[in-house]
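Close look at the chain arrangement
The residues making up each chain are set out below.
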Amino acid sequence: MDSIYHTLRKSNPASARILVRKVLEKNNGNVSKTARILGISRATVRRARDGELNDLSRRPKNIRKKIGCSLEKLIVEEAKSTGYRYRLLSYYLKNKYSIEISENTIKKVLKRNRVRKKKIRTLNKNRRHLYDYEHLTPFSHLQIDTKHILDETSLPKSVYRHIEKYDLPKYEWNAIDVKTRMRFAAYSHTLSASFGFAFILFVVLWLKLHNVRGKINIRLDNGSEFASSSRRKLDEYNEFFSKLNVELKPIPPGAKHLQAIVENSHRKDDESFFSIHPERCRNDAEFLLKAQQWQDTWNTARPHYGIDMNGLTPFEKLKSTKAMISENIVRFPTLLLEDIIRVAGYPYEWLSKFVNLYIFSRGGKYVWTTYQYLNHKL
């Protein structure tokens, strides 16, 4: 049971110390007797006698590692503009400003400035992920989309004019694996259904070549370059790709959130590649070399903090699954689709010349197994 002193101190520390001083005065300054009467320690009596009536601040006098006001303001502004939390924001600041700030420091700054996390509001107030990420197998689900590189709202004016002046590729074709976030990219000067078919086929054959044996589900939008605007053509595509154990699944109109992974990658392209490197290129070959370096950085060096990634690179995520997939799958070449058509012909001609579908359509049932990767680098 609390003493009178402790009960009073909970509501008013100053009144509790005044009480101690009065009792101490009545007992002629006898500390031990005062302590017995109030049921407190002698040290408490001495603090009440010699110290201040009100509690002193517990804040440290010197904070050696406290960040400056300007840096704290930068963290708050970037957090509000990007919507990133502490982990991703730490990487973002290091990548953009070459400033290394720990996750814990950023967390404290956001808490101190009451920067709240942006919430995705749904009808039932619950957030449900698009995939069961934990149980996905590598390359079983892909998202494919195209990006218009010439975007006045995202590119600096000088870069925009440079791309036009030197007639660099205007479109990026992206395929991203949901499980590992590994990406495969190609480029073109125009959009066409032939390019869309060729890109999907090229990606699928690359996966099959590197021992991806299960079914591949490909989610794509309703663009005409993927035949999604024509139900008849889409059915023809699915009939053909079913021989490769692939299914194309267009999203409903207006449901861009179903393509969130590949759509989010477009912003990273603008920030880290298109806003910087095209201005250093004067022809397609130089552009493709820079694009290859950016893709390699994405797949092997850039940590990802999306769902189930935990700061791993796509290559590290693939190795962590211990899937029987060749590590060389990460070396996908970034090509110009016009070059593929010019050299190999249109997709159906290319397929009949160079690909034997028999090995894909007559194989036995695949059993998913794992093995231990050797510890070596690319």
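Treat the numbers as computed from the prediction; the structure is a model and nothing was measured.

Let's shift gears to the packing of helix α1 (residues 4–11) against helix α2 (residues 13–26). Close contact between α1 and α2 brings their axes to 6 Å; oriented N to C, the two are set at 150°. Classed by the angle they form, the pair α1 and α2 counts as roughly antiparallel. Note on element contacts: α2 touches α1 through Pro13, Ser15, Ala16, Arg17, Leu19 and Val20, opposite Ile4, Tyr5, Leu8, Arg9 and Ser11. By residue class, the composition of the contact of α1 with α2 is 7 nonpolar, 2 polar and 2 charged.

Right, let's get into the nonpolar core. Side chains of nonpolar character tend, in soluble globular proteins, to be buried together. With 44 residues, the main nonpolar core has Phe139, Phe184, Ile218, Phe241 and Ile329 as its most contacted residues. Looking at which element gives the most residues to this core, the answer is helix α9 (residues 193–209), with 12 residues. In contact with isoleucine 329, other than residues within four places in its own chain, are Phe139, Met182, Phe184, Trp206, Leu207, His210, Val212 and Leu318. By size, the runner-up hydrophobic cluster in this structure holds 24 residues, among which are Leu136, Leu155, Ala185 and Val262.

According to UniProt, the "transmembrane region" (unreviewed entry) feature falls on residues 184–207. Measuring from the first to the last C-alpha atom of residues 184–207 gives 10 Å, for a span that is 62% helix and 21% strand.

Those residues of helix α13 (residues 314–321) not exposed but buried are Pro314, Phe315, Lys317, Leu318 and Thr321. End-on view of α13: buried residues confined to an arc of 160°, all on one side of the axis. In this structure, the buried residues of α13 make contact with α12 (284–300). One or two residues past the end of α13 sits lysine 322, with phi positive at roughly 60°.

Cut-offs applied
- Residues numbered from 1 in each chain as written.
- Predicted model: local features only at pLDDT ≥ 70, side-chain atom pairs only at ≥ 80, totals over all residues.
- Heavy atoms only, no water.
- Axes fitted to C-alpha atoms, helices over the stretch in contact; angles between N-to-C directions.
- Helix = DSSP H or I, 4+ residues; strand = E, 2+ residues; numbered from the N terminus.
- Parallel < 35°, antiparallel > 145°, perpendicular 65-115°, else oblique.
- Contact = heavy atoms within 4.5 Å.
- Nonpolar A, V, L, I, M, F, W, Y, C, P; charged D, E, K, R; others polar.
- Core = buried A, V, L, I, M, F, W, Y, C linked by side-chain atoms within 4.5 Å.
- Buried < 20%, exposed > 50% of the residue type's maximum accessible area, 1.4 Å probe, protein only.
- UniProt positions renumbered as here; feature names shortened; annotations may be inferred.
- Arc of directions from axis to C-beta.

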